[in-house]
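Secondary and tertiary structure notes
Here's the letter readout for the chains.
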Amino acid sequence: MNKVKNRVITLIAFLALNNMVFAQNPATNVKATFTIDKTEFDYGNIPENGGLANHTFIITNTGANPLVVKQVVASCGCTTPDWTREPIAPDKTGEIKVAYNPKGRFGTFAKNISVYCENADPVHLTIKGNVEKIEDDDKPQAPIFTPDETSYDFGTIGENDGFAEHIFKFKNTGNAPLTVTRVHTSCGCTKPEWTQSPIEPGQEGIIIITFSPKGRIGNFNKQATVYTNENGGYKRHKLIITGNVVEKPSDPYVTYIDTIGGVGIEEKDLTFKNFNPVKTNRKSLYIKNYNTETVYFSWENVPDYIAVTCPDSLKADWPGEISIVIDGTKTSEKRGRIKDSFGWIVKNQAGKVLGNENITATVNYVDDFNTLSPLQSVNAAHLEIKNSKIQFENIKRGFLGFGGTANKEFILTNTGRSDLTLYSVSSDDSRIHLPELNGKIIKAGESLTVKVTVKAKETLDSDIDNDIYVICNDPKGPIRMIKVITVKTK
């Protein structure tokens, strides 16, 4: 009886112990589940001396039991992890903090972090980025004087035009404040002024050099020595001004018919009446600056066979001269009366355009007859003109005084032995209307009748008194003119 009783007691104790162990380990076969907000983080560009670069990954317990993060291990000592130590309840979150030290590690990087949770497979995270190298902050601090220019040419200036002044600009390209301690000039005729306060790195300063031309006719070359605080105050820089002092040019007795940007001009439409096809042909015209400041000139769209000589600038109240040269050796393909134009631009010192207008050059381009032999001259074409003066009188007006026209004719006859080529038949007066005859050929012994038309409405304000130019290959008269005259319409 006692033996049976002892066996029952032993069985009951075994079952109780077994139930106790089961209660302490209720889900030993169920793995923990969790999520992390991201498995990779990119810092982008970070400075080398910016201190630790931090990021926090968020871990969420998606299981039914508390989640324990046992360990977080980084692949490199440059990366320091930290994490939530207490168990994370179901549906709650914890943190995995990562700090990366960029000091001395410039360039791209990628580091792995392994996360170990109880009863779960490890998860691997990655941080990456690029560390930008920072220059050594301990390098010597020094200013650097960097001028935009070290010399300036005033060109030609007048003795009685007052002081000539130029501003030299400079910049501090160093990493410490720059000071111009003094500026010494080589002559009492030259006075300096300069920025007195320290110039911070990257900022600009100025040095003004003023020259007095009074009593100093001729070329000049003056020097200014600039002393700065570079190299402990022993650094020197040279600035040079040059130019030529002249007596002010005499003002020619000229009537300036127009102004372009405040500059008077003798004429804008140049006519080369006697053009030599194998030499250079020159025309000159006077100009005068009526502005109260110096003006600057430039040219555009100038044909390659035309050369323009003009001063680059003209001081206030100064006269000047423009020379236009046409090289006949470069115009062998041109024939007839042709008008070329090119632009003249007037600006002030600040670059503002004061005026912009075209200058025209009208030229009668003819053949080089010097190459003809005596026999060729005898057998050449010859032009005769019938009615070389055309006069329109009492041109009747049309309806309401407008629309009336009048026509006259002149006859061109080739009395030579070769074909006569009309290079052009034209007038500089647009009110004289002619047919297109450029390149027209008149055979030997033949004639051509040309109609001239004038419109009444175009002569209301003034009469016509101009010429028709006939340019041809007649060696004895390549340029012929026909006079056209009208009287006021009634």
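Read on for a plain summary of the structure. By convention here, each chain's residues receive numbers from 1 onward along its written sequence. At least 70 in pLDDT is required for a residue's local features to be given in this predicted model, at least 80 for side-chain atom pairs to be given and counted, and no such filter applies to totals for whole chains, interfaces and linings, which use all residues. Note that water and hydrogens are dropped before the side-chain values are worked out from all heavy atoms of the structure.

Examining the sheet that holds strand S28 (residues 389–392)
In this scheme, strands are said to pair when DSSP sees at least two bridges between them. Each helix is a run of DSSP H or I of at least 4 residues and each strand a run of E of at least 2, with the numbering of both proceeding from the N terminus. Strand order in the open sheet made by the 5 strands is S28-S34-S33-S30-S31, with mixed pairing throughout. Of all the strands in the sheet, the pair left with one neighbour each is S28 and strand S31 (440–442). Each strand of the sheet is rotated relative to its neighbour by a mean of 30 degrees, with strand direction disregarded. Of the strand pairs in this sheet, strand S30 (residues 420–427) and strand S33 (residues 465–472) are connected by 5 bridges, and their pairing is antiparallel. Pairing of Leu-422 across the sheet is with Cys-472, part of S33. Fitted lines through C-alpha atoms give the axes, limited to the stretch in contact for helices. The angle between two N-to-C directions lies from 0 to 180 degrees.

With respect to the pattern of salt bridges
Counted as salt bridges are all cases of a side-chain nitrogen of Lys or Arg within 4 Å of a carboxyl oxygen of Asp or Glu. Tallying each qualifying case throughout the model produces 14 salt bridges. Put simply, Lys-97 and Glu-95 hold a salt bridge, and the shortest N to O gap is 3.7 Å. In this structure Glu-95 comes out as partly exposed when scored by relative accessible area, which is 35%. Measuring nitrogen to oxygen at the nearest pair gives 3.3 Å for the salt bridge that ties Lys-443 to Asp-419. You can see Lys-443 sitting in the loop between S31 and strand S32 (447–455) and its partner Asp-419 sitting in the loop between strand S29 (405–414) and S30, a full 24 residues away along the chain. In the salt-bridge network here, residues are joined through shared partners; they are Asp-258, Lys-268 and Glu-357. Buried residues are those whose accessible area, probed at 1.4 Å on protein chains only, stays under 20% of the maximum for their type, while exposed residues exceed 50% and partly exposed ones sit between those limits.

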